[in-house]
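A look at the structure
Each chain, letter by letter, is given below.
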Amino acid sequence: EVNQRQEVNQKQEPSFSIWLSLYSTVSKSHLFLALHDLPLFSPPPQARSRRWIELPAEEQRAYVMRLLDALEVTDRDKRLKVSRAILYLAQGAFDECDSEADVLRWSRHNVFLLYDMGIFTALLELLSMEIDNNQACSSAVRKPAISLADSTELRVLLSIMYLMVETIRVRTEDDGPEWKAAREAFRNELASPLYNGEPFALLLFTMVTKFCSMNAPHFPMKKVLLLLWKTTLFTLGGFEELQEMKVRRREQLDLPPLPEDSIRVVRAMRAASPPATAMELIEQQQQQQKRGRRSRRPLVKQDSLDTYNERDPFKNDDARDEEEDGEDADSGIEGEVDPLDRDVIIQPPPPPPPLRPPTERISFPKGLPWAPKVREKDIEHFLETSRNKFIGFTLGSDVETLVGLPRPIHESVKTLKQVCVCVCVGGGGYRTSVRGKCEVEDTPAETLYLGMLPNLSQFVIALLKLLLAAAPTSKAKTDSINILADVLPEEMPITVLQSMKLGIDVNRHKEIIVKAISALLLLLLKHFKLNHIYQFEIVSQHLVFANCIPLILKFFNQNIMSYISAKNSICVLDFPHCAVHEMPELTAESLEAGDNNQFCWRNLFSCINLLRVLNKLTKWKHSRTMMLVVFKSAPILKRALKVKQAMMQLYVLKLLKIQTKYLGRQWRKSNMKTMSAIYQKVRHRLNDDWAYGNDIDARPWDFQAEECALRENIERFNSRRYDKNRNGDFAPVDNCLQSVLGQRVELPEDFHYSYEMWLEREVFSQPIQWEGLLQGP
């Protein structure tokens, strides 16, 4: 269940969760009255006693058409009332439903109806008007404090659009052919440059940059970021779609299939026990001495984030090993019970569970979880070293000639080639035809990158600014951006209960922003890497230059267990529960108790995404790996291992592995259990000397040269592929005779009247030295 909820396929929270601004202001009759107070929505006399869910499809479409016409009025208040009526329909007409399932079912039905009637296009026009409303922007800039009242129209529009994007994006088993066709049409519509010549996601990126530049401080950033994330997820595809795209791309390029599905491998992995520090071990020894010999019954450690209540695979049955490894227990991956969490995870031995049939027992895979890999560059380096040793000369990048090498070297090369990773240099989306012209596949990722390219650095910096402002470790500053514009009310709370509700809402607000930004960055990096490697590299370099690496490390430099177990939500205010059931009386005690969930899956999801982004920025980049060492990330990452979740531990161990050789022999000696966990969980790279660090002297840290060389290659790629006024040095030359002679040249209309005079002047009267053409240069 844990792995199913934590699989990073962007489906961690319900489609209609508490982020839809109904958290503290929802009323069962608020939006319902907004719908029926409209004069254009007044039903005919014979249908006034009927409810929305009882109307036939024709009358429902007629009512939606009237709402669509009413959106075009010039009165701002009337447009807002119509927008709220549409929002009420998109939320499932909850006043007429008796259960949460009915609300979700009618919400899905109404959303497809609204899309079919063209509501999304009309809302997009209203959104563009609100974005370009200079009067609202200037008034918001002059205000000393911005509240919910300054973004009412924007929040209503963004809520409707979010509901439409998220509802249509999610597939269900009972979707008919009409809804499936509508989903594909909507996806193509969002991905194509139909909105002012750019995709819809680019409009949302513009809102983000406009907000971060202080030109529109009243924009509701939480809703904008959520809609941007879901739009990108819908148009580009989630991680399961990405895996299918990888398989298809490798088939097109005649590459061998992938050795395994990474999502399935991570799902089958099991978390290790959290590490124990020296102070914790001392405290445990003191408590054991106090208990003496009377209590010989061992403590039972509950698997808080484990999938199965199985024995830890890293535990050693021999107690003597714990005594022998006393000096390196400070950072061991298994350790004993964490005293900080003793009240949570240490409990009396539970009663024996009922016997289950043998078929229900989960069997874990034996052996290492990942197939080993090696790069072609590593094979070249291995052969170069072997030839220098046995023959005395090298053959460059030749990996086929093995003449003169001993038989064991032949076997080694054969083994290396079996696990060699075949990579398509330049990505799968770029090919050069016979005529020398670029043939670019028109994919959603390509369209989005083309639109983002002119302002890519601004987009990246804006996202990181918002991430910094929403991080729990950041301190409030007067000059920082205000991300609470769409959560603070006009009148500040005056009672303790109102203050507690606002505090919970603010913390939840920040958590959602971190979740949306982390998921968005990871999606962009993965899809751009599949589309073309240089698209991935330019986004990565912008992130590095904007200090993304220290920002993520600063994010994890906190009590990560407190962040993972935060309870910043109120279950009774979740939608659609709050709209169907009677609202209980909230007290300070109930708010302080929080929900029944032991862990916040939203925060766990954000942490895993940020770790994966950090892995992608530093993988195979020596200078960026050294940045992790310089910023002293090892103790920060080791503290993150306290979270007992397999996927999070995997990416933490990956980050520790790439810098292990630079941390010194003493660190490796005192962290042998962490090294063992890296060996058992992280993929093996043959010929990778990660555990010894013998080649660190041969690789000096030259950050500027490495990044400048990469930037030069990126600029050449962008100039060759996207620059219309490109330099002649990068322009492809058409050297095919048939192609040149077969080109159609556009001539002016009056050319055929004077072509004889042109021939006489330009050809016949010009002396040509024909003998010079036969002479060599």
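Residues numbered from 1 in each chain as written. Predicted model: local features only at pLDDT ≥ 70, side-chain atom pairs only at ≥ 80, totals over all residues. Heavy atoms only, no water.

On to the overall build of the protein, then. When helices and strands are tallied, the protein shows 36 helices and four strands. By residue count, 47% of the 777 residues in the protein fall in the buried class. Look at the contacts in the protein between residues 6 or more apart in sequence, and 80% of them connect residues 24 or more apart. (Helix = DSSP H or I, 4+ residues; strand = E, 2+ residues; numbered from the N terminus. Buried < 20%, exposed > 50% of the residue type's maximum accessible area, 1.4 Å probe, protein only. Contact = heavy atoms within 4.5 Å.)

Note on pairing: side chains with opposite charge can pair once their charged atoms come close. Using the criterion set out here, one finds 24 salt bridges in the structure. When the shortest N-O distance is used, the salt bridge between R721 and E446 registers 3.1 Å. Here R721 is found in helix α33 (residues 703-722), whereas its partner E446 is found in helix α19 (residues 444-452), with 275 residues between them in sequence. Here R721 and E446 have matching classes, each one buried. The closest approach of N and O atoms between R624 and E707, which form a salt bridge, is 2.9 Å. In this pair, R624 is assigned in helix α28 (residues 622-630) and E707 in helix α33, connecting sequence segments 83 residues apart. Through salt bridges with shared partners, one network takes in R76, E130 and E153. (Salt bridge = Lys/Arg side-chain N within 4 Å of Asp/Glu carboxyl O.)

Membership of the largest hydrophobic core comes to 175 residues, with the highest contact counts inside it found for F200, V208, L466, F556 and M648. Broken down by element, the residue count for this core peaks at 16 residues, all from helix α21 (residues 496-531). Non-local contacts of V208, meaning those with residues more than four positions away in its chain, are made with M221, V224, L225, L228, A462, L463 and L466. Counting 11 residues, the second-largest nonpolar core is a separate cluster that includes V399, I409, V413 and L416. (Core = buried A, V, L, I, M, F, W, Y, C linked by side-chain atoms within 4.5 Å.)

The next thing to look at is the packing of aromatic side chains. For the structure on display, the rule yields 15 aromatic pairs. With centroids separated by 6.1 Å and ring planes inclined at 35 degrees, the aromatic side chains of W229 and F605 adopt a geometry described as tilted. Of this pair, W229 sits in helix α11 (residues 221-236) while F605 sits in helix α27 (residues 601-618), placing them 376 residues apart in sequence. Grouping residues by exposure puts W229 and F605 together as buried. Connected via pairs of aromatic rings, a cluster forms that spans Y115, F120, F186, F200 and F234. A cation over a ring is seen here: K654 above W370, with NZ or CZ 6.0 Å from the ring centre. (Phe/Tyr/Trp six-rings, centres within 6.5 Å; stacked < 30°, edge-to-face > 60°. Lys NZ or Arg CZ within 6 Å of the ring centre and 35° of its normal.)

We now examine empty space enclosed by the protein. Overall, the coordinates contain five cavities of 30 Å³ or more when judged by the stated rule. The space that makes up the largest cavity amounts to roughly 90 Å³. In terms of lining, the largest cavity is formed by R76, R79, L80, S83, L126, M129, E130, E153, V156 and L157. At the level of elements, α4 (76-90), α6 (119-131) and α8 (152-169) are the ones that each hand at least two residues to the lining of the largest cavity. The class makeup of the residues in the lining of the largest cavity is five nonpolar, one polar and four charged. (1 Å grid on protein atoms, 1.4 Å probe; cavity = no way out; pocket = protein on both sides within 12 Å on 5 of 7 lines; lining within 4 Å. Points joined across faces, edges and corners; volume = space filled by probe spheres on them. Nonpolar A, V, L, I, M, F, W, Y, C, P; charged D, E, K, R; others polar.)

Here we take up unusual backbone geometry. The residue after F575, namely P576, is reached through a cis peptide bond having omega 10 degrees. Relative to the elements of secondary structure, P576 occurs in the loop between α24 (560-564) and α25 (577-580). Residues other than glycine seldom take positive phi values, yet M214 does so here, at roughly 65 degrees. With a phi angle near 60 degrees, W620 is a residue other than glycine that sits in the positive phi range.

Look at helix α3 (residues 57-70) against α4: their axes get within 9 Å of each other, and the N-to-C directions meet at 145 degrees. Along this stretch, α3 crosses α4, giving a crossing that reads as left-handed. Residues V64, L67 and A70 of α3 form the contact with α4, whose participating residues are V82, A85, I86 and L89. When its residues are assigned to classes, the contact of α3 with α4 shows seven nonpolar, no polar and no charged. (Axes fitted to C-alpha atoms, helices over the stretch in contact; angles between N-to-C directions. Left-handed = near helix turned anticlockwise from the far one by under 90°.)

Along the chain, the position of M221 falls in helix α11. Here M221 falls in the buried class, since its relative accessible area comes to 1%. Separated by 264 residues in sequence, M221 and A485 have C-alpha atoms that sit 8.0 Å apart. Setting aside residues no more than four positions away along its own chain, M221 makes contact with M207, V208, F211, L466 and D486.

Our focus in this paragraph is the environment of I86. Along the chain, the position of I86 falls in helix α4. Its relative accessible area of 0% is what places I86 among the buried residues. The spatial distance from the C-alpha of I86 to the C-alpha of L157 is 9.4 Å, given a sequence separation of 71 residues. Aside from chain neighbours lying at most four places away, what touches I86 is L67, L71, L114, I119 and I160.

This part covers the confidence of the model for the protein. The share of residues in the protein with pLDDT of 70 or more is 77%, and the mean pLDDT across the chain is 79. Contacts for the low-pLDDT stretch residues 1-48, under 50 throughout, to residues beyond four places or in other chains number 127 contacts. This model gives residues 424-437 a pLDDT under 50, and the stretch forms 31 contacts once residues within four places in sequence are excluded. (pLDDT = per-residue confidence, 0-100.)

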